[in-house]
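Here are the chains, one letter per residue:
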Amino acid sequence: MDKKILVTKSSMPSYEEYIEAIKPLWETHWLTNMGVYHAELEKQLKDYLDVPDLSLMVNGHMALEMTIQMMGFPEGAEIITTPFTFISTTHAIVRNRLKPIFCDIKLSDGTIDESKIEELITEKTVAIIPVHVYGNVCNVEEIQRIADKYDLKVIYDAAHAFGIQYRGRGIGSYGDASIFSFHATKVFNTIEGGAVSFSNHKYYKKLYNLKNFGIQNEELVNAVGANAKMNEFCAIMGLCNLKHMTKVFKNRQKLYEFYREEIGKIQGIRLFEEKAYTTKNFAYFPIIIQEDCCKTRDEIYDVLKENNIHARKYFYPLTADQACFRNQYKNVNIHNARKLSKQILVLPMYEGLEIEQIKNIMNIIRG
Ligand SMILES: *Cc1c(COP(=O)(O)O)cnc(C)c1O
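My aim in this report is to walk through the structure given alongside it, one point at a time. Keep in mind it's a predicted model, so treat the numbers as computed, not measured.

**Considering the overall build of the protein chain**
Here is step 1 of the chain: Along its length, the protein chain carries 12 helices and 14 strands.
Here is step 2 of the chain: For 367 residues, the compact-globule estimate of 2.2 N^0.38 gives 21 Å, and the protein chain sits close to it at 21 Å.
Here is step 3 of the chain: Dimensions along the principal axes, computed over C-alpha positions, put the protein chain at roughly 65 × 55 × 40 Å.
Here is step 4 of the chain: Scored against the burial criterion, the 367 residues of the protein chain give a buried share of 54%.
Here is step 5 of the chain: Sequence-distant contacts in the protein chain: of pairs separated by 6 or more residues, those separated by 24 or more amount to 70%.
Here is step 6 of the chain: By element, 50% of the accessible surface of the protein chain is carried by carbon and sulfur atoms, the whole surface being about 17100 Å².
Here is step 7 of the chain: With 45 positive and 45 negative side-chain charges, the protein chain shows a spacing of 2 Å between the two charge centroids.

Structure, rendered in structure tokens:
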């Protein structure tokens, strides 16, 4: 039996590099609570991501939950968002006792359809949470125009968009805030981790307070926060991994380009449109299997699995259609999102995947 190929595999520094880097912790015994490595990683990521300010978090989900909490929206307020995303995006809204209002997406790139946002705005709308899904950059100009017109906050879920630049600016510099995920399965990882980027410097103190239980000082707790701090072992993993990102992106680009050429030869499979003035991070390789393909999405998924290649149906089912929401959103008009979720398949993509393995994947798809 061939060895199992998963959709992703975590990039890691060498064992020696990491062990050497964590050695000082045995001197200081300072393992978490905003240590020196936490501070250093914040500084380096702020530069690397080209964002005005940044706060590290324990993971991407808490980054989003805390950012929404920080905005202080009234209970029951509405947030316009996309159902074509990881469940975390929707959960972060609902867990803040706010109401997700699902907007349809564009089939061309999977991001929120900005032309359908305005019709969903009511007097209860407070924010828009779009997702740069697979690193496909949303229409940030039009979303900002709408937000300005109706006085709404914009929080981007940029969990897939690490390192992406749009019109010469870090993607995390758009909107009021953006959240990143540094989960082990993401293109850059701190084992578990995440961050919020923003330009309003007041947010730094607010997030610092919220991620540390709302503790202001030894005797004062002035907010109902949580524990969302990144520990030093994770921060060091991030510092080590960050050093190798140029190599990681180069390696992924080679795979991406090979995939793209091969997929282009298969009838009925298309790729997302590419946006101008945008850099890529090659984090994922999503394909869209249309009606005129010789196999359905599920047939391709199944035959790959029989060959021990584990592609993923990201994002199927849509978050709005998940069991926990008990058919609440059954009648919402998210036609394109439902259609795309039945055609999408994310193929294996990670540093160290081999061209020969991609050839094999293509043969199985064609086969
Ligand atoms: C991974 C992911 C998150 C959550 O990040 P974690 O670090 O796993 O908590 C949120 N949104 C999207 C779109 C993601 O892919």
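**Description of the pattern of salt bridges**
Here is step 1 of the chain: Overall, the coordinates contain 23 salt bridges when judged by the stated rule.
Here is step 2 of the chain: Across the pair lysine 43 and glutamate 40 runs a salt bridge, and its minimum N-O distance is 3.9 Å. In this pair, lysine 43 and glutamate 40 are both assigned in helix α3 (residues 36-48), 3 residues apart and thus about one turn of the helix distant.
Here is step 3 of the chain: On the basis of relative accessible area, glutamate 40 is assigned to the partly exposed category, the value being 27%.
Here is step 4 of the chain: With a closest N to O distance of 2.7 Å, aspartate 298 and arginine 297 form a salt bridge.
Here is step 5 of the chain: Judged by its relative accessible area of 3%, arginine 297 falls in the buried class.

**Focus on the sheet that holds strand β9 (residues 194-198)**
Here is step 1 of the chain: Taken in spatial order, the 7 strands make up an open sheet running β1-β9-β8-β5-β4-β2-β3, and their pairing is mixed. Edge positions in the open sheet fall to β1 (53-57) and β3 (99-102), since each of these has one partner strand only. Across the sheet, the axes of successive neighbouring strands diverge by a mean angle of 25°, strand direction being ignored.
Here is step 2 of the chain: Here strand β2 (residues 78-81) pairs with β3 via 4 bridges, running parallel. Paired with isoleucine 79 across the two strands is proline 100, which belongs to β3.

**Here we look at the sheet that holds strand β12 (residues 269-270)**
Here is step 1 of the chain: Taken together, the 3 strands give an open sheet; going across it, the order is β12-β13-β14, and neighbouring strands pair in antiparallel fashion. The sheet is open, and its two edges are formed by β12 and β14 (344-347), each paired on a single side.
Here is step 2 of the chain: Note that β12 and strand β13 (residues 285-289) share 2 bridges and pair antiparallel. Its bridge partner lying in β13, arginine 270 is registered against isoleucine 288.
Here is step 3 of the chain: On the sheet, helix α10 (residues 297-306) packs against β12, β13 and β14 and is oriented at approximately 25° with respect to β14.

**So, the site of the ligand**
Here is step 1 of the chain: Around the ligand, a shell composed of 14 residues is seen, among which Gly60, Asp157, His160, Ser181 and Lys186 lie nearest.
Here is step 2 of the chain: In the environment of the ligand, an oxygen atom lies 2.7 Å from a nitrogen or oxygen atom belonging to the side chain of serine 181.
Here is step 3 of the chain: For the ligand, an oxygen atom lies 3.1 Å from a polar atom in the side chain of lysine 186.
Here is step 4 of the chain: Elements with a minimum of two residues in the shell around the ligand: α4 (60-71) and α5 (87-94).
Here is step 5 of the chain: Of the residues belonging to the shell around the ligand, the class tally is 2 nonpolar, 10 polar and 2 charged.

**As for helix α11 (residues 335-343)**
Each full turn of the α-helix corresponds to 3.6 residues, which orients residues three or four apart in the same direction.
Here is step 1 of the chain: Regarding α11, the residues found buried are Asn336, Ala337, Arg338, Leu340, Ser341 and Gln343.
Here is step 2 of the chain: Here the buried face of α11 lies against β12, β13, α10 and β14.

**Description of the pairing of strand β5 (residues 153-157)**
Here is step 1 of the chain: Where burial is concerned, most of β5 is hidden: 4 out of the 5 residues are buried.
Here is step 2 of the chain: When strand β4 (residues 125-129) meets β5, the two strands line up parallel, connected through 2 bridges. Residue pairing for β5: alanine 127 is matched across the bridge by lysine 153.
Here is step 3 of the chain: Handedness of the β4-helix α6 (residues 140-150)-β5 crossover: right-handed.
Here is step 4 of the chain: As paired elements, β5 and strand β8 (residues 177-181) share 3 bridges and run parallel to each other.

**What to know about the nonpolar core**
Here is step 1 of the chain: Formed by 70 residues in total, the largest nonpolar core has its most connected members in Leu45, Phe84, Ile117, Tyr134, Phe162 and Phe182.
Here is step 2 of the chain: Tallying contributions element by element places helix α8 (residues 232-243) first for this core, with 7 residues.
Here is step 3 of the chain: Tyr259, Ile266, Tyr301 and Val303 belong to the second largest nonpolar core, which has 29 residues in total.

**Here we look at unusual backbone geometry**
Outside of glycine, negative phi angles account for most residues, and trans bonds account for most peptide bonds.
Here is step 1 of the chain: Cis rather than trans, the peptide bond between tyrosine 314 and phenylalanine 315 has omega equal to 10°.
Here is step 2 of the chain: Relative to the helices and strands, phenylalanine 315 is located in the loop between α10 and α11.
Here is step 3 of the chain: Cis peptide bonds are those with omega within 30 degrees of zero, and the linkage from tyrosine 316 to proline 317 qualifies with -10°.
Here is step 4 of the chain: Unusually for a residue other than glycine, asparagine 33 sits at a positive phi of about 65°.
Here is step 5 of the chain: If you trace the backbone, asparagine 33 turns up in the loop between α2 (25-28) and α3.
Here is step 6 of the chain: Not every positive phi belongs to a glycine, and tyrosine 134 is a case in point at roughly 55°.
Here is step 7 of the chain: One can find tyrosine 134 in the loop between β4 and α6.
Here is step 8 of the chain: A relative accessible area of 7% places tyrosine 134 in the buried class.

Conventions we followed
- Counting starts from 1 at the beginning of each chain's written sequence and moves along it residue by residue.
- The predicted nature of this model means local features are confined to residues of pLDDT at least 70 and side-chain atom pairs, given and counted, to a pLDDT of 80 or more, with totals for whole chains, interfaces and linings taken over all residues.
- Computation of side-chain values: all heavy atoms of the structure, hydrogens and water removed.
- Here a strand is any run of E in DSSP of at least two residues, a helix any run of H or I of at least four, and the numbering for each starts at the N terminus.
- As defined in this context, the radius of gyration uses C-alpha atoms, and a globule is described by 2.2 Å times the residue total to the power 0.38.
- Buried, partly exposed and exposed residues are distinguished by accessible area as a fraction of the type maximum, computed with a 1.4 Å probe on protein chains only: under 20%, between the cut-offs, and over 50%, respectively.
- The contact definition used throughout considers only heavy atoms, calling two residues in contact when any of these lie within 4.5 Å.
- Each accessible area is a Shrake-Rupley estimate made with a 1.4 Å probe; only the visible protein chains count as cover when residues are assessed.
- In this charge count, Lys and Arg are treated as positive and Asp and Glu as negative; neither His nor the chain ends contribute.
- Taken as the charge location is NZ of Lys, CZ of Arg, CG of Asp or CD of Glu.
- Any Lys or Arg side-chain nitrogen found within 4 Å of a carboxyl oxygen on Asp or Glu counts as a salt bridge.
- In this analysis, strands are considered paired if DSSP registers two or more bridges between them.
- Only the contacting stretch of a helix is used when fitting its axis, a line to C-alpha atoms as for every element, and angles between N-to-C directions run 0 to 180 degrees.
- Note on terminology: near, applied to a residue and a molecule or strand, indicates that one of the residue's heavy atoms is within 4 Å of it.
- In protein, a polar contact requires one atom able to donate a hydrogen and another able to accept it; more generally it is a pair of N or O atoms within 3.5 Å, and residues adjacent in sequence count only if both atoms are side-chain atoms.
- Classification used: nonpolar for Ala, Val, Leu, Ile, Met, Phe, Trp, Tyr, Cys and Pro, charged for Asp, Glu, Lys and Arg, polar for all others including Gly.
- Crossovers are described as right-handed under a simple rule: with the strands pointing away from the observer, the path leading from the first strand over the helix to the second runs clockwise.
- For the purposes of this section, nonpolar cores are sets of buried Ala, Val, Leu, Ile, Met, Phe, Trp, Tyr and Cys residues that join through side-chain atoms within 4.5 Å.

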